[in-house]
Amino acid sequence: MLSILARGLWTRCPCCGDLRSAKELDRSWKVCPKCGYHFRLTAPERLQYTLDEGSFREYDQGLTGEVPLAAPEYQEKLQAARQATALPEAVLTGEGTILGHRVAVAALDIRFIMASMGTVVGEKIVRAIENACAKRLPLVIFSASGGARLQEGVLSLLQMAKTSAALIAFHRAGLLYISVLTDPTTGGVSASFAFLGDIILAEPGALIGFAGPRVIEQTIRQKLPEGFQRAEFLCRHGFIDQVVPRPRLKSTLAQILALHREV
Amino acid sequence: MVNLDFERPIIELETKISELRTFAREKALDLQNEIARLEKRLQELTADIYQNLTPWQKVLVARHPGRPNVLAYIRHLFTDFLELRGDRLYGDDPALIGGLARFNGRPVTVLGNLKGKDTRENLERNFGMAHPEGYRKARRLMLQAGKFKRPVITLIDTPGAYCGVGAEERGQAVAIARSIQTMLGLRTPVVAVITGEGGSGGALALGAGDRLLIQEHAVFSVISPEAYATILWNDPARCPEAAQSMKITAADLAELGIVDEVIPEPPGGAHRDPALAARYVKEALARHLDELAGLPEEELLRRRLAKFRKIDNAYLRELNTN
């Protein structure tokens, strides 16, 4: 059994404990058929589930950064992340269609150093916004992030301002930005572009907040209540428009896009 | 006043000089030469220690309990300060204060993180860590400044935004995001000064203006050195190394092109002479506001957005894989 799990053919649902085959999970958009747990998606999976087949054109694949203030072991960490994910950085950006609607799109990949935002992630997001602006495309960003890329020091912090600045021109152009918050979206990403959408959706059960729950527990020295900082909690408190289960996400996005189509 | 370890030789010499003065007075002795010699020595020693502070020591100076807080700076920098409170949505946050004032006679909007001078005040001010209400108040007053075409001056001194249940329930992330974006989009000049600790998103919420100035011994960082060392190395004791690695000092930030000017402090730090420290801040603020005052609104906005657009572009590289 362990060996099958190790080979990735079967996955145990972290919520209900059921075993599921990779094929079965793929058919169900990686949502547990028994308990509805939404497994985290990689960026390529996200694009595959969202965009019409064969429609994706990637932007800025070859963008890298040389950060002068990086922590000593950062280069190795980057190398390891690149190897583990086969991605150059923690975000994929580009354009494609969602049920025929052309959009600029970005998806963060939590496997890549917790999809933390450093100079390259920030720059790719900004360029996706600028491309959307130039081509007058709606923008859809799937956020997932542990926050700022600490290893890049204060430059990572400034990505919050850089991405927020890019959205000013975008919003002024009267274009639509749909932000989809996925598990987990915290820190500098939640406190910048992720919460600056015209419409903000979230996947069920996604952890969303400024501070991570561990940091809060350490600060207040109490256990946090069940469901705290989950998508449903944020929806109840008025911070997101809807919690949308993954099987309905693509059609919901298409519906919103259709309602904003320029005539 | 609490003293830092590396300040001890300065304090000892200061004590010695003051004792000598008392002794000379009591015994009616003329020790002028000796005292003058020691005072010169004190100047040299102070300059020497403060010119060679490590990044971690700078953090300690930036957090020094005796360092003038934002209220002290407000008293020195402005006249006619009138506090304006509340976010009009939920409450008023005493950790982030704002209001109207005159700067060299001109009306301005002032915003700043407020730490207390002692434990009682700090409890009241939540140690300068704002809740969403604070950032929403900041945003409200920024928009008001835009309406009345007043420049905005922000004074940054915070460990960061508060991490707690209420802060999350009331939208800490969106409050910060909107404060940053509102500041970036204002059609009136915005100058920010880091006067102490510039901690994380909570600092950036008041820092995304036309100019970012920093006092000589202030710091600006993505996270506290303690948290950095804990998260990356699982060892909070390595915070001096973290402070070094993160490049958080005024000099480092100037070299990276992140701050526009480093404002000198009196020898031995702002806490040794708050009035002089404030005078230096005032002089720099006046200069930057004058430069910005002549710009048409659209040009001001264009330059501000361009500044953040290319703030890190020196460190990006294009590979030929596309």
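What counts as what
Residues numbered from 1 in each chain as written. Chains lettered and ligands numbered in written order. Predicted model: local features only at pLDDT ≥ 70, side-chain atom pairs only at ≥ 80, totals over all residues. Heavy atoms only, no water. Helix = DSSP H or I, 4+ residues; strand = E, 2+ residues; numbered from the N terminus. Rg over C-alpha atoms; globule rule 2.2 N^0.38 Å. Buried < 20%, exposed > 50% of the residue type's maximum accessible area, 1.4 Å probe, protein only. Contact = heavy atoms within 4.5 Å. Areas by Shrake-Rupley, 256 points an atom, 1.4 Å probe, with all protein chains shown as cover. Lys, Arg positive; Asp, Glu negative; His and termini not counted. Charge placed at Lys NZ, Arg CZ, Asp CG, Glu CD. Buried area = accessible area lost by both parts, 1.4 Å probe. Salt bridge = Lys/Arg side-chain N within 4 Å of Asp/Glu carboxyl O. Polar contact = N/O pair within 3.5 Å; in protein donor to acceptor, adjacent residues only side chain to side chain. Pairing = 2+ DSSP bridges. Phe/Tyr/Trp six-rings, centres within 6.5 Å; stacked < 30°, edge-to-face > 60°. Lys NZ or Arg CZ within 6 Å of the ring centre and 35° of its normal. Expected span 1.5 Å × (residues − 1). Right-handed = clockwise from strand over helix to strand, strands pointing away. Axes fitted to C-alpha atoms, helices over the stretch in contact; angles between N-to-C directions. Parallel < 35°, antiparallel > 145°, perpendicular 65-115°, else oblique. Nonpolar A, V, L, I, M, F, W, Y, C, P; charged D, E, K, R; others polar.

Colleague: Before we go on, may I ask you to explain the overall build of chain A in this structure?
Modeller: Broken down by element type, chain A carries ten helices and ten strands. For 263 residues, the compact-globule formula gives about 18 Å, and the C-alpha radius of gyration of chain A, at 18 Å, lands near that figure. C-alpha extents for chain A along the principal axes are approximately 50 × 45 × 40 Å. Taken over 263 residues, chain A has a buried fraction of 57%. Of the contacts formed within chain A by residues at least 6 apart in sequence, a portion of 68% connects residues at least 24 apart. Total accessible area computed for chain A in this model is approximately 10,700 Å², and 53% of it derives from carbon and sulfur atoms. Between the centroid of the 30 positive side chains of chain A and the centroid of its 25 negative side chains there is a distance of 4 Å.

Colleague: Please explain the interface of chain A and chain B as it appears in this structure.
Modeller: Contact residues are listed per partner, giving 57 residues for chain A and 52 residues for chain B. Interface area for chain A against chain B, summed over the two sides, is near 4,600 Å², with a carbon-plus-sulfur share of 68%. Linking chain A with chain B are three salt bridges, by the criterion used here. Inspection of the chain A/chain B interface yields eleven residue pairs in polar contact (both at pLDDT 80 or more). It is helix α6 (residues 154–172) of chain A that provides the largest number of residues to the side of chain A that touches chain B, a total of 15 residues. Relative to strand β9 (residues 316–318) of chain B, strand β4 (residues 63–65) of chain A runs antiparallel, the two sharing three bridges. Residue pairing for β9 of chain B: glycine 65 of chain A is matched across the bridge by leucine 316 of chain B.

Colleague: Could you clarify how one ought to interpret the packing of aromatic side chains in this entry?
Modeller: Aromatic ring pairs are reported here in terms of the distance separating the ring centres and the angle at which the planes meet. Residues and elements named next belong to chain B. Considering all chains together, one arrives at five aromatic pairs over all chains under this definition. Ring geometry for tyrosine 228 against tryptophan 233: centres 5.5 Å apart, planes inclined by 90°, an arrangement best described as edge-to-face. What makes tryptophan 233 buried here is its relative accessible area of 12%. Directly above the aromatic system of tryptophan 233 lies the positively charged group of arginine 238, at a separation of 4.1 Å from the ring centroid.

Colleague: Explain unusual backbone geometry here, please?
Modeller: Most peptide bonds are trans, and most residues other than glycine sit at a negative phi. Omega for the bond connecting aspartate 183 of chain A with proline 184 of chain A falls within 30 degrees of zero, at -15°, which places this linkage in the cis form. Relative to the helices and strands, proline 184 of chain A is located in strand β8 (residues 177–185). Even without being glycine, methionine 114 of chain A reaches a positive phi, approximately 55°. Considering the arrangement of structural elements, one finds methionine 114 of chain A in the loop between β6 (101–108) and α5 (119–135). Owing to a relative accessible area of 39%, methionine 114 of chain A belongs among the partly exposed residues under this scheme. The phi dihedral of aspartate 80 of chain B falls on the positive side, at around 60°, and the residue is not glycine. Among the secondary structure elements, aspartate 80 of chain B is positioned in strand β1 (residues 79–83).

Colleague: Any chance you could explain α5 of chain A here in plain terms?
Modeller: Residues that lie three or four places apart on an α-helix share one face, since the helix turns once every 3.6 residues. All names here are of chain A. Taking 1.5 Å of rise per residue, the 17 residues of α5 would be expected to cover 24 Å, and the 24 Å separating its terminal C-alpha atoms lies within 8% of that figure. Burial within α5 is extensive, with twelve of its 17 residues counted as buried. Listed as buried for α5 are Thr119, Val120, Val121, Gly122, Glu123, Lys124, Ile125, Val126, Arg127, Ala128, Ile129 and Ala132. Just downstream of α5 lies arginine 136, where phi reads positive at about 55°.

Colleague: What exactly am I supposed to notice about the pairing of β8 of chain A here?
Modeller: Residues in a regular strand point their side chains to alternate faces of the sheet. Residues and elements named next belong to chain A. The buried fraction of β8 is high, at nine of nine residues. Sheet topology places strand β7 (residues 139–145) next to β8; six bridges connect them, and they run parallel. Across the sheet, the residue bridging to valine 140 is isoleucine 178, located in β8. Tracing the backbone out of β7, into α6 and back to the parallel element β8 gives a crossover that is right-handed. When β8 meets strand β9 (residues 199–202), the two strands line up parallel, connected through four bridges. Along β9, the bridge assignment pairs serine 179 with isoleucine 200.

Colleague: Got a minute to help me understand the packing of helix α10 (residues 225–233) of chain B against helix α11 (residues 239–246) of chain B in this structure?
Modeller: When two helices pack together, you describe them by how their axes are tilted relative to each other and by the distance separating the axes. Residue and element names in this part refer to chain B. Relative to each other, α10 and α11 sit at 95°, their axes nearing to 8 Å. Relative to α11, the element α10 is oriented roughly perpendicular. Contacts between α10 and α11 involve Pro225, Glu226, Tyr228, Ala229 and Trp233 from the former and Cys239, Glu241, Ala242, Ala243, Ser245 and Met246 from the latter. Split by residue class, the contact of α10 with α11 holds eight nonpolar, one polar and two charged.

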